[in-house]
Every structure is written in C-alpha cells, then in structure tokens.
2 protein chains.
Amino acid sequence: MTTAAVIGAGVIGAGWVARFALSGWDVQIYDPNPTSQATVQQTLARARKHVGNLRTEPLREGRLTFVETMPQALLSAEWVQESLPESVELKLKILSEIDALTEQVVPICSSTSGFKPSVLGEGLGSAERFFVCHPFNPVYLIPLVEVVPHPTVAPELLADVKSILRDLEMKPLHVRREIDGHIADRLLEAVWREALWLIHDDVATTEEVDAAIKNGFGLRWAQMGLFETYRLGGGEQGMRHFLAQFGPALQWPWSKLTDVPNMDAAFIEKIATQSDDQAGTDSTEELAERRDANLVGILRALSETDD
Amino acid sequence: MTTAAVIGAGVIGAGWVARFALSGWDVQIYDPNPTSQATVQQTLARARKHVGNLRTEPLREGRLTFVETMPQALLSAEWVQESLPESVELKLKILSEIDALTEQVVPICSSTSGFKPSVLGEGLGSAERFFVCHPFNPVYLIPLVEVVPHPTVAPELLADVKSILRDLEMKPLHVRREIDGHIADRLLEAVWREALWLIHDDVATTEEVDAAIKNGFGLRWAQMGLFETYRLGGGEQGMRHFLAQFGPALQWPWSKLTDVPNMDAAFIEKIATQSDDQAGTDSTEELAERRDANLVGILRALSETDD
C-alpha cells in the first residue's frame, strides 16, 4: 500500500483520486471547496464500474481520506498530485507550501495543462523532484500522461516516476523539451481555435464540428496518430509521397489560425447555446456514462487486436 | 442493383470502389495508371474481410469492371465519383468531360478534400447535380462523408444523395456553407501545422506526437467530439464553465500557428525518416491490416453501447 496526496479535487483531481484508489493506493484529499467531496464520490462510483469492466483482475481499492488542511493531506504521502485551477500565482503559492511540508524524496507533480515545470518550480527549495504530470479527462480511463521533468530532475527519479505511472496502468509520455502546452494541448489548442472560427463564421454548429470529428478522423486517432494515418494516406510510398502530394497545400490560405476570435459575451453565449442544443436532455452524468462505456469498449477492442 | 462510375482509383478511389461494391453496387473503374487495378484488388480484399466483420448480414457484392476509356466507365452509371489528384486544372478538365458524357440527372461527386464545389463546378453545363462528397481513408470503414452541394443544387437532390450515402452505411454531413477544406480538413490542417512545428523544433518526434494523440484525445474523439468532450471538462456547469475557465488561455502566446514551416528538402527528409523509424519493419499492408482490425473493434464497441 502506498499513499498519494491529491491537492485540488475538481474534475481532474477527482479523476486522479479514482486512478490512484482503484490501483490500491490510499488517497488523502485536500480541497476547500465544499462540493469537492461529492465530486470525488460521484467520480469514484463511475470509475469503479467502468475500470472494473476494463481490468481482468478484481479491483483492489485503497482508502480515501478527506482532510481539512493541506499538512494533513501531505502527511506520509509518497506522491503529491496538484490539480488546482490554471493560475500561475495560485500554483506557485501552493506548490511552495507543499515543498516545505514534504520530505525531499517525494515527487511533487502538477496536473497543469499549460505551464512549464521551470516556471512552476521557481519557488521550490527542492525543484529536483518537481514534475508536470498532465493527465487527460477522464483520468481513470485515458492512459496518456505527459511527464515533463523540471530541468534539475535526475534521470533515475524520472525513471521511477514513469514506472509508478505505468503501475497505475497509464502510458507516460516523456516530453523532452519544455514548452507551453506540452505536446497534446498544443495540438488541441490548434483544433480549438479553428473550431471556434467555424462556429463564429456559421460554417458549422458545435454538433456538426463534433460529427466531423467522431465519425471521421476521431475513429482513426483512437488507434493511430496523425503521422501513422498520413503514412497510410501516402499508399505504398508512405510519408514521402504524402508530403510531396499534400505539402504544398499547406501554403494555401485556408485557415484563419493567424488570429484568435474575440471571446466576447455574445460569442460565448452562442457556443454554449449550441452545446446545450446538442446535449438535448442528456445530463452531464448520462454523457459521462456513455463516454465511459464507449471508452471501455474501444480500449478492449484495441487490446484484443494488440500485437 | 445500381452502377457507380469511379474515376481515379488511387487510395481514395479504390476505397470508394470497395464501399460501393460491398453494398451491392456494380462499379465501373477508369484510371489510366497501370497500378490502379492492383490497388483496387488489394483494397477490396482487405475491405471484404473487415467490412464482413462489421456487418451483421452477409455481404452482397457487386461486379467490378476496369475500363480503358472514361466514356465506358460512365456508361449507364447512376453515380459518378471523381477521385483525381488535388489539382484544380485537372479536375476542371475531367469534370467537364464527365458532365458532357452523362445524363443530367446523374449526381457527379468529387472527393476533393479542399476545393469548393462552386470552383470545381465552373466548367459544368449542369452544375445543379454537382457535389463535393469528401470521404476519409479507409473509405470502406470510416462513416463520415462531407457533402457540399454546388450552390445551384435543389434540396430534393441533396436529400436523395444523402439517402444513397446512408444506404452505403455512411454518415453524410451536409456542409451548409462552402469553405476551402470543408470542415474536417480545416481542423486537420490546424493540427498538421502545429504538429509540423513540434517536429521542426525538436519538441517531439512523429512517434511522440502520435502517442500524444492515440493514448489521449484520440480515444475521446472516436466517440465524442471536441465540444462534447469540453462540455464534460466543465463539470456539472458544462460548456459555459469550460469557456469561462479556459477561454482566456486562448490569448496566451502558445502556438506558432501564425506561420507555416518552410517545407524544404531537409525538413521533409526529417519527417519521413522519423516516420520510417516509427513504422519499423511493418509494411504499409501490415499497418493497414492492424488499422482495420482496430476500427472494426472500435465500431463494434461503439454500436454495442449505442442508445
């Protein structure tokens, strides 16, 4: 048995709680938000069901403890996972408190989707055990976790951290060069901007954009990435042929990616209303249930065809 | 029984042949490239196996005829699908020949991933039956087809075309406003640019970019789109909360999307070499086999959880 401290228990933090607990870790949870305990319990109940369908052996579940203060959460923890809102100031403040309250051998990991570890590690006395470990929602099912070590981290500790993440049945991706947004969110940000323009200019609704993704390239990307897919698009001659054929198209004045739409109130309302229409009467919980059942099906399907 | 004319039988055209033939259509194929017949036969063999695993009733297969001239391919055809290389000049020339050689009631569809129907329809005498029907590789498995009618197309014909595509077990997405790259390729183009920068700047290799996609958001997008996913990321408060939380992040100077990397020979070689390393000893056919088995698994999994 091992103990993790989860600091911040919104959607992502609660997902980490489930990921740890269903791998047999005890979890100590600190989040001053009064709704966080309900979020964690709801997330764990959902995760228990779906992770149970995915794994072959029975789940061995650790103990959850909700605590009132951060020092209580950190007591005897062997892993700290910070999942606070994306504010540098807030993260810097809390991370330096965590640093002061934990043994210097304990890995401190931030779930930040955007900030570099060298930025968030600035106020730490022992930044050589600080990492970005950026997961993806739902954290208890999506295997990817981007691991970006602080520049002072030793290779041995990086190896240990990756090994622990693998024990949690995750697929750690070592991001070798610090960059805002790491890797996945750079790509997501690009899609997001372009999608916003499509909505903004009334080319498509949110539902149509989603249909274009999930009935098309989303099905490819669940099991092959961009480059693998395009390699196949090049036929027998592979990637070189693809690049020769489609490289020049990059020069076409297609996209408006040079600019960011003004996120004014009317535009935000437009997106949110379209999203409401798209969801219809489905509650968030119903959507999440369906997502999880789908993901389990996909992951099982992929493991059956795995070499 | 119905007859389709497939003009141009590379990767996409051959995929259309399989999509039509395995839905019981006879297909007349014209492509002067001497390797196209082998491409079609190989594609059809692969499709037969995988589409067979996906459908519940036995496949009813139409007859293929490879012809030497375009008029032979068009004879008695009730659907024309053009899948030539992405050159406006070439497509304009061939489409106007097709227009002159077919009854004015027959839909003429282009597989173009980028050009608008009003551009490609310029030389047609009867553009009111001209569509972009943009499919996704592998055409015989991926359900999405973007349907962009020429501005002069009547609603009744659009409805007929969508109905035929549904009979082919596809999911037509009517793109209501003409735009270069339609919808999906706008999004793909955005990801592609950003991915190229990541490779260019040595932040990640092609394999690492692919891992970031397929172990992460690719698994989400096989069954939910961008907006549905982000709605869940907003928790109970949905899309408005998500936009309030992450909208401002769009203003961060994250990405280099304002610029296109110079696709010089060295950069193309870098990408192609990384892609070779990534593929290892797997042949294109082995990769395609694995992709198809995965897709069938995913699609079956998704249909099992369908409401």
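Since this is a predicted model, take the numbers as computed values, not measurements.

S.K.: Whenever I open this one, the sheet that holds strand E7 (residues 144-149) of chain B confuses me. Can you help?
M.R.: Sheets are built from strands that pair by backbone hydrogen bonding, the pairs being arranged parallel or antiparallel. Residue and element names in this part refer to chain B. Judged by pairing direction, the sheet is mixed, and its eight strands sit side by side in the order E3-E2-E1-E4-E5-E6-E7-E8 without closing on themselves. A single partner strand is all that each edge strand has here, and the edge strands are strand E3 (64-66) and strand E8 (171-174). Sheet twist, expressed as the average angle between the axes of neighbouring strands with direction ignored, equals 25 degrees. Summarising the sheet, strand E1 (residues 3-7) and strand E4 (residues 79-82) pair through four bridges and their orientation is parallel. Bridged to alanine 5 within E4 is valine 80.

S.K.: Before we go on, may I ask you to explain the packing of aromatic side chains in this structure?
M.R.: Within a pair of aromatic rings, the relevant descriptors are the distance that separates the centres and the angle that separates the planes. The full count for this structure, using the stated rule, is 13 aromatic pairs over all chains. Measuring from ring centre to ring centre gives 6.3 Å for Trp221(A) and Phe217(B), while their planes differ by 75 degrees; the resulting arrangement is edge-to-face. Taken together, the positions of Trp221(A) in helix H8 (residues 206-221) and Phe217(B) in helix H8 (residues 206-221) put the pair across two chains. An angle of 25 degrees between the planes, with centres 6.2 Å apart, marks the rings of Trp221(A) and Trp221(B) as stacked. Placement of Trp221(A) in helix H8 and of Trp221(B) in helix H8 is noted, with the two residues assigned to different chains. Residue class for Trp221(B) comes out buried when judged on its relative accessible area of 0%. Here the aromatic cluster, defined as three or more aromatic residues joined through ring pairs, consists of Trp16(A), Phe20(A), Trp25(A) and Trp79(A).

S.K.: Even after reading the chapter, I still don't get the nonpolar core, so can you show me in this structure?
M.R.: Core analysis: the largest hydrophobic core is formed by 144 residues, its most contacted members being Leu165(A) and Leu165(B). Those residues in contact with Leu165(A), other than ones at most four positions away along the chain, are Trp16(A), Trp79(A), Cys133(A), Val145(A), Val147(A), Met170(A) and Pro172(A).

S.K.: Explanation requested: the state of the cysteines in the structure shown.
M.R.: Disulfide: a covalent bond connecting the sulfur atoms of a pair of cysteines. Residues and elements named next belong to chain B. Counted according to the given criterion, the structure contains zero disulfides over all chains. Free cysteine cysteine 109: the closest other cysteine sulfur is in cysteine 133, separated by 3.6 Å. What makes cysteine 133 buried here is its relative accessible area of 0%.

S.K.: Explanation requested: the side chain of Thr43(B) in the structure shown.
M.R.: Mapping Thr43(B) onto the fold places it in helix H2 (residues 36-54). Not counting the four nearest positions on each side in its chain, Thr43(B) is found in contact with Ala14(B), Gly15(B) and Tyr140(B).

S.K.: Looking at this structure, I do not really get H2(B). What am I missing?
M.R.: Since the α-helix turns once every 3.6 residues, residues separated by three or four places project in the same direction. For H2(B), with 19 residues, the first-to-last C-alpha span of 26 Å sits near the 27 Å given by 1.5 Å per residue. Looking only at H2(B), the buried set comprises Ser36(B), Val40(B), Thr43(B), Leu44(B), Arg46(B), Ala47(B), His50(B) and Val51(B).

Analysis parameters
- Chains are numbered independently. Their residues run from 1 in the order of the written sequence.
- Think of it this way: whatever chain is written first is A, whatever ligand is written first is 1, and the rest follow in order.
- Given that this is a predicted model, residues contribute local features only at a pLDDT of at least 70 and side-chain atom pairs are listed and counted only at 80 or more, while totals for whole chains, interfaces and linings are drawn from all residues.
- Hydrogens are left out, water is left out, and the side-chain values use all remaining heavy atoms of the structure.
- When DSSP locates at least two bridges between a pair of strands, those strands are taken to pair.
- Each helix is a run of DSSP H or I of at least 4 residues and each strand a run of E of at least 2, with the numbering of both proceeding from the N terminus.
- To obtain an axis, a line is fitted to C-alpha atoms, over the contacting stretch when the element is a helix, and the angle between two such axes runs from 0 to 180 degrees between their N-to-C directions.
- Ring geometry is summarised as follows: Phe, Tyr and Trp rings, the Trp one being its six-membered ring, pair when their centres sit within 6.5 Å, and such pairs are stacked at plane angles under 30 degrees, edge-to-face over 60 and tilted between the two.
- Three exposure classes are used, based on accessible area relative to the maximum for each residue type with a 1.4 Å probe and protein chains only: buried under 20%, partly exposed in between, and exposed over 50%.
- Here, nonpolar core means buried Ala, Val, Leu, Ile, Met, Phe, Trp, Tyr and Cys residues that are tied together by side-chain atoms lying within 4.5 Å of each other.
- In what follows, a contact means two residues having at least one pair of non-hydrogen atoms within 4.5 Å.
- In what follows, a disulfide is any cysteine sulfur pair within 2.5 Å.
- Helix span, as expected, comes to 1.5 Å for every residue beyond the first.

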